[in-house]
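Here is how the chains run, residue by residue.
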Amino acid sequence: MDKKLKQSLKVAAVRRELIVIWLLSGEKIKGIAEVATDPERVKINAIDGPVWVQINDVESISRVVRLRVEGETDK
């Protein structure tokens, strides 16, 4: 696996970002990344529940990054 992909997964998990993972099998998994104790797998909280994915099975990922505008309030 590409070192940048692994680092991107780690950052997404620490920040609890929404991610979409494409697997080598063609499957797509969408959910919130979580920090896992197993360095060979990533935990994703998907709509159907938690999913553990082998890092070597990941082809690519997309991270959804939320930006806050200074002075903006939540309604």
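Residues numbered from 1 in each chain as written. Predicted model: local features only at pLDDT ≥ 70, side-chain atom pairs only at ≥ 80, totals over all residues. Heavy atoms only, no water.

A. Spatial organisation of the nonpolar core. Ranked by internal contacts, the top residues of the largest apolar core, which has 14 residues, are Ile19, Ile21, Ile44 and Val53. Of all the elements in the fold, those that place two or more residues in this core are helix 1 (3-15), strand 1 (18-23), strand 2 (28-34), strand 3 (41-46) and strand 5 (58-64). Of the residues forming this core, the biggest block, 4 residues, is contributed by helix 1. With residues near it in sequence (within four places) discarded, Ile21 still touches Leu9, Glu27, Lys28, Ile29, Val42, Ile44, Val58, Ser60 and Ile61. (Core = buried A, V, L, I, M, F, W, Y, C linked by side-chain atoms within 4.5 Å. Buried < 20%, exposed > 50% of the residue type's maximum accessible area, 1.4 Å probe, protein only. Helix = DSSP H or I, 4+ residues; strand = E, 2+ residues; numbered from the N terminus. Contact = heavy atoms within 4.5 Å.)

B. Focus on the pairing of strand 2. Direction of pairing for strand 1 relative to strand 2: antiparallel, over a ladder of 5 bridges. By the bridge assignment for strand 2, Val20 is matched with Lys30. The turn linking strand 1 back onto strand 2 is made up of 4 residues, and Gly26 within it adopts a positive phi angle of 100 degrees. Relative to strand 3, strand 2 runs antiparallel, the two being bridged by 4 bridges. Bridge pairing links Ala33 to Ile44 in strand 3. Taken together, strand 2 and the strand that follows it, strand 3, pair antiparallel across an intervening segment of 6 residues. (Pairing = 2+ DSSP bridges.)

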